Amino acid sequence: MTPKNNLSALNIRNIAIIAHVDHGKTTLVDAMFRQCAIFRANQTVEERVLDSMELERERGITIAAKNCAVNWNGVRINIVDTPGHADFGGEVERALSMADGAILLVDSSEGPLPQTRFVLKKALERGLRIIVLINKIDRKDMRAQEVLDEILDLFIDLDANDNQLEFPLLYAVGRNGIAQKTLEEEGRDLAPLFEMILSEIPSPLISGEPEFSMLVSDIGYSDYLGRLVIGKIYSGSVHPQDTVVCIKEDSSRITSRITKVQIYDGLALTDVEEAKAGEIAVIFGTGDAFIGDTITSPAGKALPRLRVDEPTVVMKFGANTSPFAGKDGKWVQSARIKERLEREALRNVAIQVAEAEEKDTYLVKGRGEFQLAILIETMRREGYELTVGRAEVILKKIGGKLCEPMENLFIDSDEAFIGVVTEKLSMRKGRLMNLVNKGFGRVRAEFSIPSRGLIGYRDDFMTDTKGTGIMNSIFAGYGDYRGDFPTRWNGSLVSDRAGSAVAYGLFHLEPRGRLFVVPQDPVYEGMVIGEYNKDIDLEVNPCKEKKLTNMRASGKDDNIILRPVKPLTLEEALHFLAEDEALEVTPKAVRIRKTILSSLERRSVKAKSLKGYG
C-alpha cells in the first residue's frame, strides 16, 4: 500500500493490549476510561467494564476480542482487547488485524508467561510497534529489572527485528491509574502512557486509492438492523446509503447498500455520516458478509484475506438422547443445535463445523479443549440441551509420517511436587526441555508434550500440587506421533437401573470409589455415578434401599453419614470422559453417561469387538 497521511489518519491510533491472565489489562483500561472522562463524574461504574460476558467475569479472563475508544489531546485511540489464552487464537488474529501497534502488559513479579508469548508472537509477525508496560510495581515481590531482562530474551527468542527490540518502556500501577518512565519517579496519572502511544505508535497506513475498502474482522447482529460488520478502513471513506460490494473467499461479489455507519466512543457506538481511512468502523446493511471478506466500492479490489491457525481438537456434538431429554432445556432439537453451531462458526474464525457420520451429530473443530468447553457452557446458559463426546486431537500425515499437534507446557510449582508432576507427564509422553530453580522454593519447568497428553491432565495436576501449581501451554506445531498411552487410570461406577439415588445404597458404594451423585439425585441405566478405584467399569445399584424387618439388633439402625460430594464442573466432566462415554449437558445439570446406555447392548458390542466382528 502507498501511505497517504491526512487528518483522519494522523488523528487516529489503533492499539491492541497484550497481557497474560490476571496481569491487570482490564483494570488498566478502566483507569484509561476514567482519565479520559468516558464516564460521568456521578456515574456508577462496575470494575472490569471490558469483561462484558458473564463467563469472563466469573473466570477473570478475556474470551472475546472487544473494541472501545478514548480521546486524548484531540487524537482518537481505538483500543482492541485481545484474549490471553492460546485456545482463543482466532480472536487474537481478528483483533490484531485492526491494530497498528500494541501495549505489552507484564506483571512485575511473574514476568512474561506462555499466553503472553503466544499473542506477542502474532503481533511481532505482523510488524506491530510494541510498547512494554511493566505493571504492578507496588507489589512487595516486585523484580522489575529481572522481568525486563526476561522480556528482552522473549523478544529475541521470537525473532523480533531491530526496531522492535528497541521497545519503549514504562512502569505502572494500573489499579491506581499511574504510569511512569522510571522506577524512582512518583507517577501521578496515565499521561506518560497516552503521550507514548501518540509518539511511538504509528498512525494507520492507508492506501492512496480513492475507493472505499475495509477488511471484515468481526461480525454481530442487531434485532432491528440485521448483520453488522466491524473492521479497519484501509482506503477511501464510507457513508450511509453508499453502494458497496462484498468480495467473498471464492472471489464472488455481492452488492448491497450501507444503512448505517458507526464508530466507537468509549464502550458505546456513535452514529456518523462518514468514516474515513484508518478508522475502526461498524457498518450495517452488508447482508452475508463473513469474517475475512472485503467490503469495498463497486470498482474496488479484495484485501489480503484474514488467515488463522488450523484447529487441533475435534469434539462430537449432538442432541440429548438420555431418558431425561427435554426436561430442562429450551432448545433440544438437533436442527436448533446445528443452527447455533453454524452461527458460532460465522462469528469465530477458529471454529469449524461439519456433519458426522452418525445421524444428527456434528463435528466441531477448535483450537483447544478449553475453547470448546467455553462454547458448551455458553450454549447451556442459552437454554440448549446437548450431548458431547470426548475431545480428540486431529492427526495429520506429513511427508508420509503420522504427526500430531504438540504443546510447549510450562509448569510453576513447589519443589516438593515437581517429581510427581514429571513422572505423570512422562507417562503421557512428555519430555522435559528446561528446568529452572532459583532457590526460592518454587521451580519452573518446560515440557514438550502431545496435545492429547494434556486432555484430562489439569485435574490431576491440581491434585498432585495441592492446588498451588500453575500450568500453561501453547501450541508448538505438529510433530511425530509419540505412541499410545493410557488416558485414564480408573474405571467408572455405572448405574444399572433408573430411579433416585438412596443414601443407603450410596453408603455401601463409597468404599469402591469417588461418587458424583447425592441422595435424591435422579439416575438412569448407563449413567456414570462415580469413579471406580480399579481400571475397569463396575455396574452398581445406587437406588438400593434397606430392607425393613420387625427384628432389631444393636448397631443396625445407626444414622448413615455420607462423605461430602463435590459437584462436577463442566470442564472436570469433559476431562473425565472415556472413549465409550459422553456428556449430557442441560441448563441445570451435567451428567456423564455411557454412549450405549443399555448394559446388555454394551456387553454385546464388547463381545463382538473381542471376536473381531465390531
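About the criteria used
Residues numbered from 1 in each chain as written. Predicted model: local features only at pLDDT ≥ 70, side-chain atom pairs only at ≥ 80, totals over all residues. Heavy atoms only, no water. Helix = DSSP H or I, 4+ residues; strand = E, 2+ residues; numbered from the N terminus. Buried < 20%, exposed > 50% of the residue type's maximum accessible area, 1.4 Å probe, protein only. Contact = heavy atoms within 4.5 Å. Areas by Shrake-Rupley, 256 points an atom, 1.4 Å probe, with all protein chains shown as cover. Pairing = 2+ DSSP bridges. Axes fitted to C-alpha atoms, helices over the stretch in contact; angles between N-to-C directions. Parallel < 35°, antiparallel > 145°, perpendicular 65-115°, else oblique. Nonpolar A, V, L, I, M, F, W, Y, C, P; charged D, E, K, R; others polar. Salt bridge = Lys/Arg side-chain N within 4 Å of Asp/Glu carboxyl O. Phe/Tyr/Trp six-rings, centres within 6.5 Å; stacked < 30°, edge-to-face > 60°. Lys NZ or Arg CZ within 6 Å of the ring centre and 35° of its normal.

Participant: Run through the overall build of the protein chain, naming residues and quoting values.
Facilitator: Within the protein chain one finds 15 helices and 35 strands. Looking at the protein chain as a whole, 53% of its 614 residues are labelled buried. Long-range pairs, those at least 24 residues apart, make up 72% of the contacts in the protein chain between residues at least 6 apart in sequence. Only carbon and sulfur atoms are counted for the fraction: they give 49% of the accessible area of the protein chain, which is about 29,100 Å².

Participant: Could you give an account of unusual backbone geometry, naming the residues involved and the relevant values?
Facilitator: One non-glycine residue, Gln241, lies in the positive phi region at around 75 degrees. Mapped onto the secondary structure, Gln241 falls in the loop between strand 10 (237-238) and strand 11 (243-247). Accessibility expressed as a relative area gives 48% for Gln241, which makes it partly exposed. At Ser251, a residue that is not glycine, the phi angle is positive and equals roughly 75 degrees. Within the fold, Ser251 resides in the loop between strand 11 and strand 12 (253-257). By relative accessible area, Ser251 is classed as exposed at 55%.

Participant: Talk me through the pairing of strand 13 (residues 260-265); I want residue IDs and the actual numbers.
Facilitator: Relative to strand 16 (residues 280-284), strand 13 runs antiparallel, the two sharing four bridges. Across the sheet, residue Val261 finds its bridge partner in strand 16, namely Ile283. With four bridges joining them, strand 13 and strand 14 (residues 268-271) adopt antiparallel strand pairing. For Gln262, the partnering residue across the bridge sits in strand 14 and is Asp271. Hairpin connection, strand 13 to strand 14: the antiparallel pair is bridged by two residues, and Gly266 has positive phi, about 70 degrees.

Participant: Can you lay out the packing of helix 2 (residues 25-35) against helix 8 (residues 191-200) for me, pointing to particular residues and giving the numbers?
Facilitator: Where helix 2 contacts helix 8, the two axes come as close as 11 Å, and the packing angle between them is 90 degrees. With respect to helix 8, the axis of helix 2 lies roughly perpendicular. In contact with Leu28, Met32 and Gln35 of helix 2, helix 8 contributes Ala191, Leu193, Phe194 and Ile197. Of the residues contributing to the contact of helix 2 with helix 8, the split by class is six nonpolar, one polar and no charged.

Participant: With reference to specific residues and values, describe the sheet that holds strand 32 (residues 528-532).
Facilitator: Read across the open sheet, the four strands follow the order 30-32-28-33; overall the sheet is mixed. Both edges of this open sheet fall to strand 30 (513-515) and strand 33 (538-540), since each of them pairs with a single strand only. Averaged over all adjacent pairs, the angle separating strand axes in this sheet is 30 degrees, with direction ignored. Looking at chain direction, strand 30 and strand 32 are connected through three bridges and run antiparallel.

Participant: Mind laying out the pattern of salt bridges, listing which residues take part and the relevant values?
Facilitator: Following the criterion strictly, the structure yields 36 salt bridges and no others. The residue Glu146 makes a salt bridge to Arg143 at a minimum N-O spacing of 3.4 Å. Looking at Glu146, the relative accessible area reads 42%, which means it is partly exposed. One salt bridge connects Arg442 with Asp414, and the closest N-O pair in it is separated by 2.9 Å. With Arg442 in strand 26 (residues 442-450) and Asp414 in strand 24 (residues 401-414), the pair connects residues that are 28 residues apart, well separated along the chain. Since its relative accessible area comes to 24%, Asp414 is described here as partly exposed.

Participant: Provide a residue-level description of the packing of aromatic side chains, including the pertinent values.
Facilitator: As enumerated under the stated definition, the model contains six aromatic pairs in all. Centre to centre, the rings of Trp72 and Phe194 are 4.4 Å apart; their planes meet at 20 degrees, and the pair counts as stacked. In this pair, Trp72 is assigned in strand 2 (residues 66-72) and Phe194 in helix 8, connecting sequence segments 122 residues apart. The same class applies to Trp72 and to Phe194, which are both buried. Above the ring of Phe290, the side-chain terminus of Lys248 is found at 3.9 Å from the ring centroid. The ring of Tyr478 has Lys396 lying over it, and the distance from NZ or CZ to the ring centre is 4.7 Å.

Participant: Which residues make up the environment of Gly505, and what values go with them?
Facilitator: For Gly505, the location among the structural elements is in helix 13 (residues 503-509). Separated by 35 residues in the primary sequence, Gly505 and Val540 place their C-alpha atoms 9.1 Å from one another. Excluding residues that lie within four positions of it along the chain, Gly505 makes contacts with Asn541, Pro542 and Lys544.

Participant: Can you break down the pairing of strand 20 (residues 361-366) residue by residue, with the values?
Facilitator: When strand 18 (residues 313-318) meets strand 20, the two strands line up antiparallel, connected through six bridges. Opposite Lys316, over in strand 20, you have Leu363 as the bridge partner. Here strand 19 (residues 352-355) pairs with strand 20 via four bridges, running antiparallel. Each residue of the ladder has a partner; that of Gln352, found in strand 20, is Lys365. The antiparallel pairing of strand 19 with strand 20 creates a hairpin that spans five residues between the two strands, and Asp360 there sits at a positive phi of about 60 degrees.

Structural measurements only, silent on function.
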